[in-house]
Amino acid sequence: MSNTTAPRYPLVLVPGLLGFVRLLGYPYWYGIVSALRRQGAKVFPVLVSSVHSSEVRGEQLLERIALVLKQTGADKVHLIGHSQGALTARYAAALKPQWVASVTSVAGPNHGSELADFLQRKAPHGSLRERVLAALLRGVARCMAWLETGDKGPRLPMDVAAAQHSLTAEGVAAFNAQYPQGLPDTWGGEGAAEVNGVRYYSWSGTLQAGITERGGNRFDGPNVACRLFARTFRREHGHCDGMVGRYSSHLGSVIGDEFPLDHFDIINQTFGLVGKGADPVKLFVEHAQRLHAAGL
Ligand code: CA
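About the cut-offs
- Residues numbered from 1 in each chain as written.
- Predicted model: local features only at pLDDT ≥ 70, side-chain atom pairs only at ≥ 80, totals over all residues.
- Heavy atoms only, no water.
- Helix = DSSP H or I, 4+ residues; strand = E, 2+ residues; numbered from the N terminus.
- Rg over C-alpha atoms; globule rule 2.2 N^0.38 Å.
- Contact = heavy atoms within 4.5 Å.
- Areas by Shrake-Rupley, 256 points an atom, 1.4 Å probe, with all protein chains shown as cover.
- Lys, Arg positive; Asp, Glu negative; His and termini not counted.
- Charge placed at Lys NZ, Arg CZ, Asp CG, Glu CD.
- Donors = N, O, S within 2.8 Å, 3.2 Å for Na, K, Ca; no water.
- Buried < 20%, exposed > 50% of the residue type's maximum accessible area, 1.4 Å probe, protein only.
- 1 Å grid on protein atoms, 1.4 Å probe; cavity = no way out; pocket = protein on both sides within 12 Å on 5 of 7 lines; lining within 4 Å.
- Points joined across faces, edges and corners; volume = space filled by probe spheres on them.
- Nonpolar A, V, L, I, M, F, W, Y, C, P; charged D, E, K, R; others polar.

**Student:** When you look at the overall build of the protein in this model, what are you seeing that I'm missing?
**Tutor:** For the protein, the count of helices and strands is nine helices and nine strands. Since a compact globule built from 296 residues should have a radius of gyration of about 19 Å, the 18 Å found for the protein is in line with a globular shape. In terms of its C-alpha atoms, the protein occupies a principal-axis envelope of roughly 50 × 45 × 40 Å. A separation threshold of at least 6 residues defines the contact pool for the protein, and within that pool the share at least 24 residues apart is 76%. For the protein, the computed accessible surface area is about 12,700 Å², with 56% contributed by carbon and sulfur atoms. Side chains of the protein carry 30 positive and 24 negative charges; the gap between the two charge centres is 5 Å.

Here's what the structure looks like:
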């Protein structure tokens, strides 16, 4: 395979809440890792705590980056984070900019998720509803940890309350005050293209009637969930992917914020079932070419 358009630095892929590398062989980045490798890129989908704060996940990511640097001999990596993985990547780049060539946020709640705000209102701290939801999330996360076949490392810690706080508008505002690199100054604007030698990029999608619920998504449960979750949005009502708002996703250079993709379509889930005419894998392949063209 040709590697003439492969990025110079390895790509480290960071999953979001309830993230994994492979569950019984089934990949989180469905068809994406293989497409990038066909392009000649060195790709490392990594595991961090599936349920925890962005800071704790970010510390774990730094350990994984150190291993990739050692294994490949490269002096930097590209970080591509989906959902909370974007905040995780931002934390790592803020602490060790010398290790990071770029951070790319894919449907990242860089200004919070209105779904997390809704859950906080409906299941406040200490309520029975919160305890039930937390127990459910812990149960799902434990099952996923048992089924993980893509990472053979030790069991990672879990903290539901920390994860939830890390995704609300209030929690992300506190995170942003400490790690503002790449954030836009104005709501809906773009951020700096480069901070401390690290390039910042983002892309995201929105639910679009007549498009996103058609095609393969007619048979995909997560699309139905996204359409239900979208009803909880206020500020970006009608302009979200079901879990993250269009403008909330902005970081650095905005490659696009209205791709017809729900929050799971954007990583080609499930089994490549996406809306009519959508091609989420192409966005990753084009981005790798973009990094290559930038000499990175
Ligand atoms: Ca889908």
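**Student:** When you look at the coordination of the calcium ion in this model, what are you seeing that I'm missing?
**Tutor:** Angles at a metal have ideal values that depend on geometry: 109.5 degrees with four tetrahedral donors, 90 or 180 degrees with six octahedral donors. For the calcium ion, the full set of protein donor atoms is Asn217 (OD1), Asp220 (OD), Asp265 (OD), Gln269 (O) and Leu273 (O), and the range of their distances to it is 2.3 to 2.5 Å. If you list the donors of the calcium ion from N- to C-terminus, the spacing comes out as N-x2-D-x44-D-x3-Q-x3-L. Given a relative accessible area of 26%, Leu273 falls into the partly exposed group.

**Student:** Sorry if this is basic, but what is going on with the layout of surface pockets here?
**Tutor:** Rolling a probe over the atoms, with the probe sized like a water molecule, indicates the empty space that remains. By volume, the largest pocket is sized at about 1,100 Å³. Looking at the largest pocket, it is lined by 40 residues, and the ones nearest its centre are Leu17, Leu18, Leu115, Leu137 and Met243. When residues of the lining of the largest pocket are traced back to their parent elements, those giving at least two are α4 (114-122), α5 (128-147), α6 (160-165) and α8 (221-229). Grouping the amino acids of the lining of the largest pocket by side-chain chemistry returns 27 nonpolar, 11 polar and two charged. Space inside the second largest pocket adds up to approximately 380 Å³. Lining the second largest pocket are 20 residues, with Val21, Pro45, Val46, Gly150 and Asp151 sitting closest to its centre. Sorting the residues of the lining of the second largest pocket by element identifies α1 (32-38), β4 (43-45) and α2 (54-72) as the ones contributing at least two each. For the lining of the second largest pocket, the leading source of residues is α2, giving five residues. Among the residues forming the lining of the second largest pocket, the class breakdown is 12 nonpolar, three polar and five charged.

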